[in-house]
Amino acid sequence: MQRICTIILSIFLFTLCAACGQENQNPSENAMNDEASVAVRESAVDSSENVPIPEHFVLIEGGTFQMGSPEDEPWRSEDEIQHSVTVSDFYMSSYELTQVEYEAVMGSNPSNFLGDDLPVENITWLDAIAYCNARSEQENLTPAYVVEGDSVYWDRSANGYRLPTEAEWEYACRAGTTTPFSMENSPSAEEANYYGHYPYQIEENYFSQGNLAVQPGIYRQTTVAVGSFSANPFGLYDMHGNVGEWTWDAYGEYPVEAQVDPTGAETGTRRVYRGGGWNDFAKNMRSAYRATMDQDKGSFHVGMRLVLNASAGSGSVIGSAAQNAENHNAENILIAYFTWGGNTEGVAEEIQRQTGVDLFEITLVHPYSSDYNTVLDEAQRDQNEQARPELASHVENMEQYDTILLGYPNWWASIPMPIASFLEEYDFAGKTIVPFCSHGGGRFGQSLTAIAKLAPDAAMGEGLSVHYSGGSSLGDDVSAWLELNGIAVD
Ligand SMILES: Cc1cc2nc3c(=O)[nH]c(=O)nc-3n(C[C@H](O)[C@H](O)[C@H](O)COP(=O)(O)O)c2cc1C
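Since this is a predicted model, take the numbers as computed values, not measurements.

A.B. asks: Teacher, can you tell me more about unusual backbone geometry here?
C.D. replies: With glycine set apart, most residues show a phi of negative sign, and most peptide bonds adopt trans. The backbone of H56 sits at a positive phi, close to 75 degrees, despite the residue not being glycine. Inspection of the secondary structure assignment puts H56 in the loop between β2 (51-52) and β3 (57-60). Residue H56 is classed as partly exposed on the basis of its C-beta count, with 16 C-beta atoms lying within 10 Å.

Given below as structure tokens:
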């Protein structure tokens, strides 16, 4: 407590001092109405604080924009409510942070795909925060964050490296555009690194290509060197695709009122990451699309991009502490799964064998076709319509369970729609959902974001992704995963 008071007091004093010497910073005075009024400056030195701006950082001149997506934007989510946001000037790295940059500061490289110029990935939000601070210290800047366990305080007046806010990120990504992507047309696989089989608005079944009006592009199945494609109008590379990028903000509903330099939800431990990654469909690379994950989890399609203040902000923002792992009692744990081909069922049965907990299959009143080509079309239709197929099976005593081990196959880089029906049927507030996913190479895709949005009040455990049936290592993988989540083996 004493520490917090000291921080708040010193921020207040610093802000007071900074305000004395600052020019008028009313952001509305340099409001951006069109692309032309946006200045991009490379390798500058910020005169207001004499902080040398590193190479490849560009000045993003602040302004006002419509954050979120218009209601008629194809594939928009309900959490993209458009509202007016003003952001102040800031500097942003033209490139996603590379592995060589990360390793030089942290001494290790957690990435899944290895290469100096590839973006660092597989870092948690907390890792990203630690990197910002460590690099600031190396360069004699004031760290932007104070980390106390899982709680993080952002000193907005500090001149150190930091993550963009969600609003800064979207403003920079849009670069004055109001279209779903910052390029004129939706990106082809030659313009961004993503799941190129599924360009925007031609998500029709890749597996029956004969019917497609536009031929899909390549799917690289890996990250690529940062800056491999053209920059957006602000001079920023890979804002769409390659890796998603952590932002400061905790995930929450947007306010409808106009905002100035918003910093996200006041509570919550799920952080927003933006821009989509190498394994995302184009629709999930849209400028307005919001992905979210627990702050202590990482993924091979999520990295980071650095920002520096252009002038000192004021105040501090407090990120709330992560929920601690609970003790799980076997009688309070339920395995609930949906399967089409049996792979997820096999994983569920292995979990049941190791734990002895209750097992529940999510089944449909009108099951999907057992024919592979037909189910592809049916599943895609359901996902396009965001359908909620009627469930045939129901958990009678859901209140008994505080932990749900939720299994599903990766369908179209997300959850099958029966999982959405299941998540909407019960109240998961106060419960922990621990996902396990069988996939054909895409691991979780956007399924964790989908679950987080459908069960916003549930805590999320560490997920397990299994390639098809999991092969000979399934037993070991399951027991390691159970241990990671504090679930006792029988
Ligand atoms: C309709 C459908 C869509 C699929 N989409 C994906 C996908 O986007 N990414 C992926 O890695 N695997 C995808 N797969 C493969 C399944 O995730 C994989 O085969 C899984 O093991 C199936 O689990 P199940 O046997 O429990 O149904 C898809 C399979 C089907 C039937």
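A.B. asks: Looking at this structure, I do not really get the sheet that holds strand β12 (residues 290-294). What am I missing?
C.D. replies: The strand order β12-β11-β9-β13 describes an open sheet built from 4 strands, whose pairing is mixed. Where the open sheet ends on each side, the last strands, each with one partner, are β12 and β13 (302-303). As paired elements, strand β9 (residues 244-250) and β13 share 2 bridges and run parallel to each other. Looking at the pairing, G244 lines up with V302 of β13.

A.B. asks: Would you mind going over the sheet that holds strand β10 (residues 259-260) with me for this structure?
C.D. replies: Sheets are built from strands that pair by backbone hydrogen bonding, the pairs being arranged parallel or antiparallel. Taken together, 3 strands build an open sheet; the order of strands is β4-β5-β10 and the sheet is mixed. A strand with exactly one partner marks an edge of an open sheet, and here the two such strands are β4 (63-67) and β10. Pairing analysis gives 5 bridges linking β4 to strand β5 (residues 83-87), with the strands arranged antiparallel. Of the residues in β5, the one forming a bridge with Q66 is S84.

Definitions and cut-offs
- Residues numbered from 1 in each chain as written.
- Predicted model: local features only at pLDDT ≥ 70, side-chain atom pairs only at ≥ 80, totals over all residues.
- Helix = DSSP H or I, 4+ residues; strand = E, 2+ residues; numbered from the N terminus.
- Buried ≥ 20, exposed ≤ 12 C-beta atoms within 10 Å, placed from the backbone.
- Pairing = 2+ DSSP bridges.

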